Amino acid sequence: MSTLTKTEGEKAPTGPDSFLSVRDLRVRFSTEDGIVKAVDGLSFDVERGKTLGIVGESGSGKSVTNLTVLGLHNPKTTTVEGEILLDGQDLVTTPEKELEKLRGNKVAMIFQDPLTALSPYYTVGRQIAEPFMKHTGASKKEARERAIEMLTKVGIPQPKTRVDDYPHQFSGGMRQRAMIAMALVCDPDLLIADEPTTALDVTVQAQILDLLKDLQQEFGSAIIFITHDLGVISDMADDLLVMYSGRAVERGSVREVLREPRHPYTWGLLSSMPRLGGSTSQPLTPIPGSPPSLLNPPSGCPFHPRCTFTDKVSGDRCSTERPALGTGRAAACHLTAEQKQTIFIDKIQPRLR
Ligand SMILES: Nc1ncnc2c1ncn2[C@@H]1O[C@H](COP(=O)(O)OP(=O)(O)OP(=O)(O)O)[C@@H](O)[C@H]1O
Ligand SMILES: [Mg+2]
């Protein structure tokens, strides 16, 4: 673990080259219990050829954010506000018909659960070949060849035979890989990978991660990578966004955020997640309390009811004033830069070793 170095003013992880630029995104669901504020004023950027990692506890809005980017929400029960600029085009106002043309072609997603992406009624091969035919105009034969090639790339044994299998004939890990093949078949410019390798063993996981890196190298694709695995994040991501209660609480290069986190929630999150190559003598510490209600989120900083440092902030700012997330390397917290540094060095860093 390095000592804390001054990082303010370093190259900001956001920039004018953004391929995807999300601005003040708000996603609300109307439910019987009330309005669920799943995403509440979220902004982030992903550059071409770069990978943005997203971390955060279960329910922090990671999947909802990314499903919204692809326009995969139910318009009857969901309100979306803000901007989702993909290569300059605002996807929030793009009609569904046009979004359909983008999905699977320019943008693709590897879903958390393969069964949401694969249909039980069509063969795996057909499901990989179809988007390829649709978006490239390839013949049936060419598309079948391409499907076999993709199955080979994701490490499916006997791809020439297995291409005619139905999803239920595949094991869980194979289904996951088939879905990855489907997402990559058109070499997307933006790939959203939501826990893509969780169900896979380490060898296959490494193979898939290499495949994603190849895609990025070859086509300069932008990738959003959601995972609970810090080892994978530090291997894959350039920049990191930490989400809490549908908001971004910290952002920076992956190196900066993992080495010198500045937000009390990130401190808690990192102390609660296993670290790659970390000492096993340090026990994992869960964050006290539970994630906030999205029906009735806390006022001020959404993390204040669980934060152990609110007494260091004057007055009741933590419970009344929503801290802003600045641009570039930033943490949305009312503690001063000096306080964050001192607390991190004295109390947090020793726990992360
Ligand atoms: N269609 C919906 N209607 C109502 N609430 C929803 C809907 N979809 C998601 N939510 C809620 O939105 C919140 C964010 O969910 P989301 O799936 O984005 O979490 P996540 O960060 O991806 O968590 P995990 O790490 O468990 O995958 C959750 O509280 C979830 O229950
Ligand atoms: Mg999720």
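Only a predicted model underlies this, so the values are computations on that prediction, with no experimental measurement involved.

Engineer: Help me get a handle on the sheet that holds strand β5 (residues 89-90), residues and values and all.
Structural biologist: Strand order in the open sheet made by the four strands is β2-β1-β4-β5, with antiparallel pairing throughout. Of all strands in the sheet, those with a lone pairing partner are β2 (34-47) and β5, marking the two edges. Sitting on the sheet, helix α1 (residues 62-69) touches β1 (18-31), β2 and β4 (78-86), and the angle it makes with β1 is about 110 degrees.

Engineer: Describe the pairing of β2, with residues and values.
Structural biologist: With respect to burial, β2 is a largely interior element, ten of its 14 residues being buried. Alignment of β1 against β2, held across eleven bridges, turns out to be antiparallel. Paired with Ser18 across the bridge in β2 is Glu47. Turn length for the β1-β2 hairpin, with the two strands adjacent in sequence and antiparallel, is two residues.

Engineer: Describe the packing of helix α4 (residues 124-136) against helix α5 (residues 140-153), and please don't skip the residues or the numbers.
Structural biologist: Here α4 crosses α5 at 120 degrees, and the two axes come no closer than 8 Å. Relative to α5, α4 is oriented oblique. Two packed elements cross with a definite hand, and for α4 against α5 that hand is right-handed. Mapping the contact onto sequence places Val124, Gly125, Ile128, Ala129, Phe132 and Met133 in α4 and Lys140, Ala143, Arg144, Arg146, Ala147, Met150 and Leu151 in α5. Here the contact of α4 with α5 is composed, by residue class, of nine nonpolar, one polar and three charged.

Engineer: Outline the coordination of the magnesium ion (ligand 2), listing residues and values.
Structural biologist: Those donors, Ser63 (OG) and Gln112 (OE1), are the protein atoms that reach the magnesium ion (ligand 2), and they lie 2.0 to 2.5 Å from it. Note that Ser63 is positioned in helix α1 and Gln112 in the loop between β6 (107-110) and α3 (114-117), a separation of 49 residues in sequence.

Engineer: Run through the site of ligand 1, naming residues and quoting values.
Structural biologist: Taken together, 14 residues surround ligand 1, and among them Ser58, Gly59, Lys62, Ser63 and Gln112 come closest. In the environment of ligand 1, an oxygen atom lies 2.8 Å from a nitrogen or oxygen atom belonging to the side chain of Ser63. Compared with its free state, where it exposes 640 Å², ligand 1 has 64% of that area covered by protein. Elements that contribute at least two residues to the shell around ligand 1 include exactly β1 and α1.

Engineer: Any chance you could break down the packing of aromatic side chains for me, citing the residues and the numbers?
Structural biologist: Going through the model one piece at a time under the given rule, you end up with four aromatic pairs. Judged by centre distance (5.2 Å) and plane angle (85 degrees), the ring pair of Tyr244 and Phe303 falls under edge-to-face. Placement of Tyr244 in strand β9 (residues 239-244) and of Phe303 in the loop between α11 (264-272) and α12 (317-320) is noted, with a sequence separation of 59 residues between them. The exposure classification of Tyr244 matches that of Phe303, with both residues buried.

Criteria and thresholds
- Residues numbered from 1 in each chain as written.
- Chains lettered and ligands numbered in written order.
- Predicted model: local features only at pLDDT ≥ 70, side-chain atom pairs only at ≥ 80, totals over all residues.
- Heavy atoms only, no water.
- Pairing = 2+ DSSP bridges.
- Helix = DSSP H or I, 4+ residues; strand = E, 2+ residues; numbered from the N terminus.
- Contact = heavy atoms within 4.5 Å.
- Axes fitted to C-alpha atoms, helices over the stretch in contact; angles between N-to-C directions.
- Buried < 20%, exposed > 50% of the residue type's maximum accessible area, 1.4 Å probe, protein only.
- Parallel < 35°, antiparallel > 145°, perpendicular 65-115°, else oblique.
- Left-handed = near helix turned anticlockwise from the far one by under 90°.
- Nonpolar A, V, L, I, M, F, W, Y, C, P; charged D, E, K, R; others polar.
- Donors = N, O, S within 2.8 Å, 3.2 Å for Na, K, Ca; no water.
- Near = heavy atom within 4 Å.
- Polar contact = N/O pair within 3.5 Å; in protein donor to acceptor, adjacent residues only side chain to side chain.
- Areas by Shrake-Rupley, 256 points an atom, 1.4 Å probe, with all protein chains shown as cover.
- Phe/Tyr/Trp six-rings, centres within 6.5 Å; stacked < 30°, edge-to-face > 60°.

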